[in-house]
Amino acid sequence: MRATKDIMGMPITVDIADALATEEGLEEVFSYFIAVDKRFSTYKPESEIMRINRGELVKEECSDDMREIFKLAEKTKKETGGYFDIKKSDGTLDPSGVVKGWAILNAAEMLRLRGFEDFYVDAGGDIASNGKNAEGEEWNVGIRNPFNRDQIVKVIYPRGSGVATSGTYIRGQHIYDPHAPNAVIDDIVSLTVIGPDVLEADRFATAAFAMGMKGLEFLERLPGFEAYAIDPQGIATMTSGFDAYTRTA
């Protein structure tokens, strides 16, 4: 059972391959993503994060979810040497770089709690998967050519690991280096990260992309992570263990 809906400004696909899959299971996940968008969207004036940015809500009055995201953001900032920072140059907060992976991970846990073992959740190219697909085969993820979105340049088999992609080829220069906020990141176009889970992959993909091609070296040193980067000339570079995910088990 598979469905796709546009939520949080992107297509979200939920595929439950279990024989006991129900519409109720799908709708629970989609309803959760709608609630996350309502709370964290920087495009909805009534969202909690926008109320914080306008000074209508102080951090001490925040929801538990918001506190958790702030804690994750601060943790990521420290672990990446400041290359991940939700505070923008104008002083406002934008936690988008960690919210998506966090929400996907929580959605996957919802499906597990319902007893599903075979599922796939894809929100804007960040993916959590478990078990096998409807054909009884390993779930696979295609890395798109950033210069031709209809072309897949690499197929990976995450086998329960999380996958996240950061890039400028769809939304333009929306990722910046907090150490040089006015500089353009021009030595990398796309970065796909495989991590222990989708939250870990997502938060480190955002930070590593902000480092430019140096982010690949950062991820190489990070236990449990692999990555695939594409530069403006279309040349791909990958971490030493990435090939393990390009073939079936």
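Structure: see above.
Before going into details, it helps to say that this report is about the structure given with it. What you see is a predicted model; the values in this text were computed from it and never measured. Residue positions within a chain follow its written sequence, with the count starting from 1. Confidence filtering applies because this is a predicted model: local features only for residues at pLDDT of at least 70, side-chain atom pairs given and counted only at 80 or more, and all residues used for totals across whole chains, interfaces and linings. Side-chain numbers come from the whole structure's heavy atoms, not from hydrogens or water.

**Considering the pattern of salt bridges**
Line of reasoning, step 1. In the sections that follow, a salt bridge refers to a side-chain nitrogen of Lys or Arg positioned within 4 Å of a carboxyl oxygen of Asp or Glu. Scanning the entire structure with this criterion turns up 15 salt bridges.
Line of reasoning, step 2. A salt bridge links Glu28 to Arg114, with the nearest nitrogen and oxygen atoms 2.6 Å apart. Here Glu28, found in helix 1 (residues 23-40), pairs with Arg114, found in the loop between helix 4 (96-113) and strand 3 (119-123); they are 86 residues apart in sequence, far enough to count as distant.
Line of reasoning, step 3. The exposure class assigned to Glu28 is partly exposed, which follows from its relative accessible area of 31%.
Line of reasoning, step 4. With its nearest N and O atoms 2.8 Å apart, the salt bridge here joins Glu200 to Arg203. In this pair, Glu200 and Arg203 both sit in helix 5 (residues 198-210), three residues apart, roughly one turn of the helix. Secondary structure follows DSSP: runs of H or I at least 4 residues long count as helices, runs of E at least 2 residues long count as strands, and numbering of each begins at the N terminus. To sort residues, take the accessible area from a 1.4 Å probe on protein chains only and compare it with the maximum for the residue type: under 20% means buried, over 50% means exposed, and anything in between is partly exposed.

**A word on the nonpolar core**
Line of reasoning, step 1. Note on terminology: a nonpolar core comprises buried Ala, Val, Leu, Ile, Met, Phe, Trp, Tyr and Cys residues joined through side-chain atoms within 4.5 Å. Of all hydrophobic cores here, the largest spans 61 residues; its most connected members are Val14, Phe33, Trp102, Leu191 and Leu219.
Line of reasoning, step 2. At nine residues, helix 5 tops the list of elements feeding residues into this core.
Line of reasoning, step 3. Contacts between residues were defined by any pair of non-hydrogen atoms, one from each residue, lying within 4.5 Å. Discounting residues that sit within four places of it in the chain, Leu191 has contacts with Ala164, Thr165, Ser166, Ala205, Ala208, Phe209, Leu216, Leu219, Ala227, Tyr228 and Ala229.
Line of reasoning, step 4. Membership of the second largest hydrophobic core comes to 12 residues, among which are Ile127, Trp139, Val141 and Val163.

**Examining the pairing of strand 9 (residues 226-230)**
Walk down a regular strand and you will see the side chains alternate between the two sheet faces.
Line of reasoning, step 1. Burial analysis of strand 9 places five of its five residues in the buried class, which makes it a mostly covered element.
Line of reasoning, step 2. Here strand 9 shows a buried face lined by Glu226, Tyr228 and Ile230 and a second buried face lined by Ala227 and Ala229.
Line of reasoning, step 3. In terms of strand pairing, strand 9 meets strand 10 (residues 236-238) through three bridges, oriented antiparallel. Considered in strand 10, the bridge of Ile230 is made with Ala236.
Line of reasoning, step 4. Connecting strand 9 to the antiparallel partner strand 10 that follows it, the hairpin turn spans five residues, and Gly234 within it adopts a positive phi of roughly 85°. One requirement defines pairing of two strands: DSSP has to find at least two bridges between them.

**Some words on the packing of aromatic side chains**
Describing an aromatic ring pair means giving the distance of the ring centres and the angle of the ring planes.
Line of reasoning, step 1. Note on ring pairs: Phe, Tyr and Trp rings are taken, using the six-membered ring of Trp, and paired if centres are within 6.5 Å. Classes follow the plane angle, with under 30 degrees stacked, over 60 edge-to-face and the rest tilted. Within the structure shown, the criterion is met by six aromatic pairs.
Line of reasoning, step 2. Ring geometry for Phe40 versus Trp102: centroids 5.6 Å apart, planes at 75°, classification edge-to-face. Taken as a pair, Phe40 in helix 1 and Trp102 in helix 4 lie far apart in primary sequence, 62 residues in all. With respect to class, Phe40 is no different from Trp102; both count as buried.
Line of reasoning, step 3. Taking the centre distance of 5.2 Å and the plane angle of 35° together, the rings of Tyr120 and Trp139 count as tilted. With a gap of 19 residues between them, Tyr120 in strand 3 and Trp139 in the loop between strand 4 (126-130) and strand 5 (141-145) connect regions that are remote in the sequence. Each member of the pair, Tyr120 as well as Trp139, is classed as buried.

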